Amino acid sequence: MGKWHFWIDRGGTFTDIVAQTPEGLLVTDKLLSENQEAYSDAAVHSIRNLMKLDPSSKIPVSKIASIKMGTTIATNALLERKGDPVGLITNSGYADALEIGYQARPLLFARAITKPELLYQCVTEIDCRVDADGVELASLDVTQTNNKLQQLFDTGIRSVAIVFMHSYKFPDHEKQVGEIAKNIGFTQISLSHEVSQLIKFVSRGDTAIVDAYLSPLLRRYVEQMSNSFDTSLDALNLLFMTSSGGLTAADLFQGRDAILSGPAGGIVGAIKTSALSGADKIISFDMGGTSTDVAHYSGHVEKAFDTEIAGVSMRVPMMKIHTVAAGGGSIPVSYTHLRA
């Protein structure tokens, strides 16, 4: 009480806002997520509208208690392949490992195989290796590694994913190479043992690639929001919804956590609402403008660890959500033919 609270769902088509005024009243707003002619960001524009501020004025942090937000920015960037250029750093001899993947064929009898576009632009191999027991088979040559990473940096790459064999359990080499990359000047360094501390080289590597691909985009979005406020957001309780259904601080919001940020909020809200009405077993149905998300709840939140989205495999905890590309704004192909 005494300050504003904002709850924001930034979808692919619309951005919905629920706010509590300092007097305790609930107010709502709804804007197109993309409308560059009218505003640069729907969430910020709506906050100004509800607080009755001038469109060009800074938003006073002192009058806001919290902002909690779910967003599809990362999801859309992955679908449209609009993330940052990424360089993959891995052990010698493993340059093609992530491209080969698990050699799975979703359409077994398809004659024309269309492989998903790789998220990384180039691969740098480092002569270091440990075995499954942590025994060092090849030690890290610091000078050689520094030269190779400098060459990568000189190509313009600023985001790297470092993925070594068995690093989920023995991460020393990844940490050393990450420190070298930091000293050279790379701005995004995703270490696979930090991004996904789980066994399986390919899934862990793919997850690190996604993190390196999307995290800079999320960081720029948070910075863009920060520029709209009168002081640093450090004093503001700005939280983002993660794919697992929890909330995380803005400075900790990473690509690996953001894929299902928007849909996860809908499920959490459905569970809370059903609990208030006395129902403990539900099927949630969330139709947006672009897609429809369906989930199941029977007393506990169902999670998935291995997920494939937009042709990319990831191994991080996510809510188990079934998504179909049929939102309220979708036009079925058959209907298009009827009109024609």
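Residues numbered from 1 in each chain as written. Predicted model: local features only at pLDDT ≥ 70, side-chain atom pairs only at ≥ 80, totals over all residues. Heavy atoms only, no water.

J.: An account of the nonpolar core is requested, with residue identities and associated values reported.
T.: If you look at the biggest cluster of nonpolar residues, it comprises 64 residues, and the most contacted ones within it are Phe 6, Ile 64, Phe 240 and Ile 259. Among the elements that take part in this core, helix H7 (residues 201-226) stands out by supplying 13 residues, more than any other. When sequence neighbours within four positions are dropped, the list of residues in contact with Phe 240 reads Met 69, Thr 71, Tyr 221, Val 222, Met 225, Gly 246, Leu 247, Thr 248, Ala 250 and Phe 253. (Core = buried A, V, L, I, M, F, W, Y, C linked by side-chain atoms within 4.5 Å. Buried < 20%, exposed > 50% of the residue type's maximum accessible area, 1.4 Å probe, protein only. Helix = DSSP H or I, 4+ residues; strand = E, 2+ residues; numbered from the N terminus. Contact = heavy atoms within 4.5 Å.)

J.: Run through the pattern of salt bridges, naming residues and quoting values.
T.: Inspection of the entire model under this criterion finds seven salt bridges. A salt bridge links Glu 174 to Arg 204; its shortest N-O distance comes to 3.9 Å. One end of the pair, Glu 174, is in helix H5 (residues 172-184); the other, Arg 204, is in helix H7, and 30 residues separate them in sequence. The pair formed by Glu 174 and Arg 204 is uniform in burial state, with each residue classed as buried. Across the salt bridge formed by Arg 315 and Asp 306, the nearest N and O atoms sit 2.6 Å from each other. Under the relative-accessibility criterion, Arg 315 is labelled buried at 14%. Look at Asp 306 and you get partly exposed, because its relative accessible area is 45%. (Salt bridge = Lys/Arg side-chain N within 4 Å of Asp/Glu carboxyl O.)

J.: Which residues make up the sheet that holds strand S2 (residues 14-20), and what values go with them?
T.: If you walk across this open sheet you meet the six strands as S3-S2-S1-S4-S11-S12, and the pairing is mixed. The sheet is open, and its two borders are formed by strand S3 (26-32) and strand S12 (247-249), each paired with just one other strand. Between one strand and the next, the sheet's axes are offset by a mean angle of 20 degrees, whatever the strand orientation. Note that strand S1 (residues 4-10) and strand S4 (residues 64-71) share seven bridges and pair parallel. Directly across from Arg 10, in S4, lies its bridge partner Thr 71. (Pairing = 2+ DSSP bridges. Axes fitted to C-alpha atoms, helices over the stretch in contact; angles between N-to-C directions.)

J.: Can you break down helix H9 (residues 261-276) residue by residue, with the values?
T.: The end-to-end C-alpha distance of H9 is 23 Å, a good match for the 22 Å that 16 residues give at a rise of 1.5 Å each. Immediately downstream of H9, the backbone of Gly 278 shows phi near 90 degrees, a positive value. (Expected span 1.5 Å × (residues − 1).)

J.: Explain the sheet that holds strand S13 (residues 282-287) to me, and be specific about the residues and the numbers.
T.: What the three strands build is an open sheet, ordered S13-S14-S17; its pairing is antiparallel. Each having just a single partner strand, S13 and strand S17 (322-324) make up the two edges of the open sheet. The mean angle between the axes of side-by-side strands here comes to 15 degrees, regardless of whether they run parallel or antiparallel. Two strands pair when backbone bridges link them, and S13 and strand S14 (residues 292-297) are joined in this way by six bridges, in the antiparallel orientation. Considered in S14, the bridge of Ile 283 is made with His 296.

J.: For the packing of helix H4 (residues 142-154) against H5, give the residues involved together with the corresponding values.
T.: Two elements in contact, H4 and H5, have axes whose closest approach is 10 Å; the angle formed by their N-to-C orientations is 50 degrees. With respect to H5, the axis of H4 lies oblique. As H4 packs across H5, the resulting crossing turns out to be right-handed. For the pair H4 and H5, contact is made by Val 142, Thr 145, Asn 146, Leu 149, Gln 150 and Phe 153 and by Val 177, Ile 180, Ala 181 and Ile 184, respectively. (Parallel < 35°, antiparallel > 145°, perpendicular 65-115°, else oblique. Left-handed = near helix turned anticlockwise from the far one by under 90°.)

J.: Please set out the pairing of strand S5 (residues 86-91) residue by residue, giving values where relevant.
T.: Of all six residues in S5, six are buried, a share of seventy percent or more. As judged from the five bridges shared by S5 and strand S9 (residues 159-163), these two strands associate in the parallel manner. Among the inter-strand pairings, Val 86 is bridged to a residue of S9, identified as Ser 159.

J.: Outline unusual backbone geometry, supporting the account with residue identities and numerical values.
T.: One non-glycine residue, Lys 52, lies in the positive phi region at around 55 degrees. Mapping Lys 52 onto the fold places it in the loop between helix H1 (42-50) and S4. Here Lys 52 falls in the exposed class, since its relative accessible area comes to 73%. Phi is positive for Arg 81, which is not a glycine, with a value near 55 degrees. Structurally, the position occupied by Arg 81 is in the loop between helix H2 (73-80) and S5.

J.: Can you lay out the pairing of strand S15 (residues 303-309) for me, pointing to particular residues and giving the numbers?
T.: The pairing of S15 with strand S16 (residues 312-319) spans six bridges and is antiparallel. The residue bridging Glu 308 from the neighbouring strand is Ser 313, located in S16.

J.: Please set out the packing of aromatic side chains residue by residue, giving values where relevant.
T.: What the rule picks out here adds up to four aromatic pairs. Geometrically, the ring pair formed by Phe 153 and Phe 186 is edge-to-face, given 5.3 Å between the ring centres and 85 degrees between the ring planes. Here Phe 186 lies in the loop between H5 and strand S10 (188-191) and Phe 153 lies in helix H4, a separation of 33 residues in the sequence. Of the residues examined, Phe 153 reaches a relative accessible area of 16% and is grouped as buried. An angle of 10 degrees between the planes, with centres 4.7 Å apart, marks the rings of Phe 240 and Phe 253 as stacked. Of the two residues, Phe 240 sits in strand S11 (residues 237-241) while Phe 253 sits in the loop between S12 and helix H8 (255-258), which places them 13 residues apart along the sequence. Note on accessibility: Phe 240 and Phe 253 belong to one class, buried. When the ring centre of Phe 153 is taken as origin, the NZ or CZ atom of Arg 158, which lies over that ring, is 3.6 Å away. (Phe/Tyr/Trp six-rings, centres within 6.5 Å; stacked < 30°, edge-to-face > 60°. Lys NZ or Arg CZ within 6 Å of the ring centre and 35° of its normal.)

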